[in-house]
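# Chains, contacts and geometry: an overview
The chain contents come next:
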Amino acid sequence: MGRFEGKGVVVTGAAQGIGLGMAERFLEEGAGVVAFDRNGALTSEQAARLGDDYVPFTGDVSDHGACRNAVALCVERFGAIDVMCAHTGIAEPVPLLEETDDHWRRHMAVNIDGVMFCTVEAARAMVAAGRPGAIVCTSSINAWHVEETMAAYNVTKAAVWNLIRSAALDLARHGIRVNGVAPGVVDTPIAALVVHNPELAPRYLQTIPLRRFGQPEDVANAVAFLASAESAYVTGQTIVIDGGQTLGIPGDLEEAAGATGQEGS
């Protein structure tokens, strides 16, 4: 019997990439999943493959009403919402001097407002039902390990990191745990320009001690843990899933010094 047998789960951004990996993991462990995504055609394709417990819901997380309706659909279809995975995010690089109001506000609307709307609506439904639950939000290593030309994205992911802690503190009295994941470079459509670039990929890999890019299942595994009873005493925490990329500067300095004929002082 799976850890989520009979549970109702909402996953945003569930049409592809990490969000799809999360949905598949919950389905494997017995949950029913509302797959909340703007791409209705793609979620319909995934539903044909994954079966009746993967329920497409087409909407935009920046629309508070859509977030409320996705939660309501989960309650209607599966009897309750037990887990919310507020995953949807956008990342469109723009040099800071070329930043526009529309670009900035769209990132805020999707990456911050969307996470907040989903968190609040899931929590309200959990409290109304008188049952505990788990909320897992997706931040990023960009919350502190910032990238050039990604100011809007960097800022939003730092905000999500703090929202996780704030929501965890507010909702603990209701038995609702709020945690997060902060992925590094994961092999998904949003990171394809790095992961599948023959020039950029090797350079990025040199900064990752484990010498590989993440896979959606790497993140899904951590999310499933945070959503399960195995983490019942964990709240307000964010797990970094980056292959060690943000630990420091990798490389054998002794070997490098020997190659240049230098001695340590």
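Look above for the structure.
Notes on the structure in this doc start here.

## Observations regarding the overall build of the chain
Looking only at helices and strands, the chain features 9 helices and 7 strands. The C-alpha radius of gyration of the chain comes to 19 Å, within 12% of the 18 Å expected for a compact globule of 265 residues. Dimensions along the principal axes, computed over C-alpha positions, put the chain at roughly 70 × 40 × 40 Å. A total of 265 residues make up the chain; the buried ones form 48% of that total. For the chain, restricting intrachain contacts to residue pairs at least 6 apart in sequence, the fraction spanning at least 24 positions comes to 69%. When the accessible surface of the chain is split by element, carbon and sulfur atoms take 53% of a total near 13,200 Å².

## Some details on the packing of aromatic side chains
Tallied over the full model, the rule gives 3 aromatic pairs. With a centroid separation of 4.9 Å and an interplanar angle of 75°, the aromatic rings of Phe-4 and Phe-26 are classed as edge-to-face. You can see Phe-4 sitting in the segment before strand E1 (8-12) and its partner Phe-26 sitting in helix H1 (residues 17-28), a full 22 residues away along the chain. Phe-26 carries the same exposure label as Phe-4, and that label is buried.

## Comments concerning the pattern of salt bridges
Tallied over the entire structure, the rule returns 10 salt bridges. Salt-bridge contacts for Asp-60 lead to Arg-38; the nearest nitrogen and oxygen are separated by 3.8 Å. With Asp-60 in the loop between strand E3 (54-58) and helix H3 (64-78) and Arg-38 in the loop between strand E2 (32-37) and helix H2 (40-50), the pair connects residues that are 22 residues apart, well separated along the chain. Within this structure, Arg-3, Arg-25, Glu-29 and Glu-230 form a network of salt bridges that share partners.

## So, helix H4 (residues 101-129)
In this model, H4 (29 residues) spans 40 Å end to end at C-alpha, consistent with the 42 Å of a helix rising 1.5 Å per residue. Its maximal kink placed at Asp-113, H4 deviates by approximately 35°. Positive phi shows up at Gly-130, right after H4, with a value of about 70°.

## Section: the side chain of Gln-46
Summarising the element assignment, Gln-46 is placed in helix H2. Judged by relative accessible area, Gln-46 falls into the buried class, the value being 11%. A polar atom in the side chain of Gln-46 sits 3.1 Å from the backbone oxygen of Ala-15. In this structure the side chain of Gln-46 is engaged in a polar contact, spanning 2.9 Å, whose partner is the side chain of Arg-49. Those residues in contact with Gln-46 that lie beyond four places of it in its chain are Ala-15, Leu-20 and Tyr-54.

## Comments concerning the sheet that holds strand E7 (residues 238-241)
What the 7 strands build is an open sheet, ordered E3-E2-E1-E4-E5-E6-E7; its pairing is parallel. On the outer flanks of this sheet lie E3 and E7, each paired with one strand and no other. For this sheet, the mean angle separating the axes of adjacent strands, direction not counted, is 15°. Across the face of the sheet, H1 comes into contact with E1, E2, E3, strand E4 (83-86), strand E5 (133-138) and strand E6 (176-183) while running at roughly 170° to E1. Relative to E5, H4 is tilted by about 175°, and along the sheet it contacts E1, E2, E4, E5 and E6.

Reading the values: rules and limits
- Residues numbered from 1 in each chain as written.
- Predicted model: local features only at pLDDT ≥ 70, side-chain atom pairs only at ≥ 80, totals over all residues.
- Heavy atoms only, no water.
- Helix = DSSP H or I, 4+ residues; strand = E, 2+ residues; numbered from the N terminus.
- Rg over C-alpha atoms; globule rule 2.2 N^0.38 Å.
- Buried < 20%, exposed > 50% of the residue type's maximum accessible area, 1.4 Å probe, protein only.
- Contact = heavy atoms within 4.5 Å.
- Areas by Shrake-Rupley, 256 points an atom, 1.4 Å probe, with all protein chains shown as cover.
- Phe/Tyr/Trp six-rings, centres within 6.5 Å; stacked < 30°, edge-to-face > 60°.
- Salt bridge = Lys/Arg side-chain N within 4 Å of Asp/Glu carboxyl O.
- Expected span 1.5 Å × (residues − 1).
- Bend = angle between axes of the 7 residues up to and from the residue.
- Polar contact = N/O pair within 3.5 Å; in protein donor to acceptor, adjacent residues only side chain to side chain.
- Pairing = 2+ DSSP bridges.
- Axes fitted to C-alpha atoms, helices over the stretch in contact; angles between N-to-C directions.

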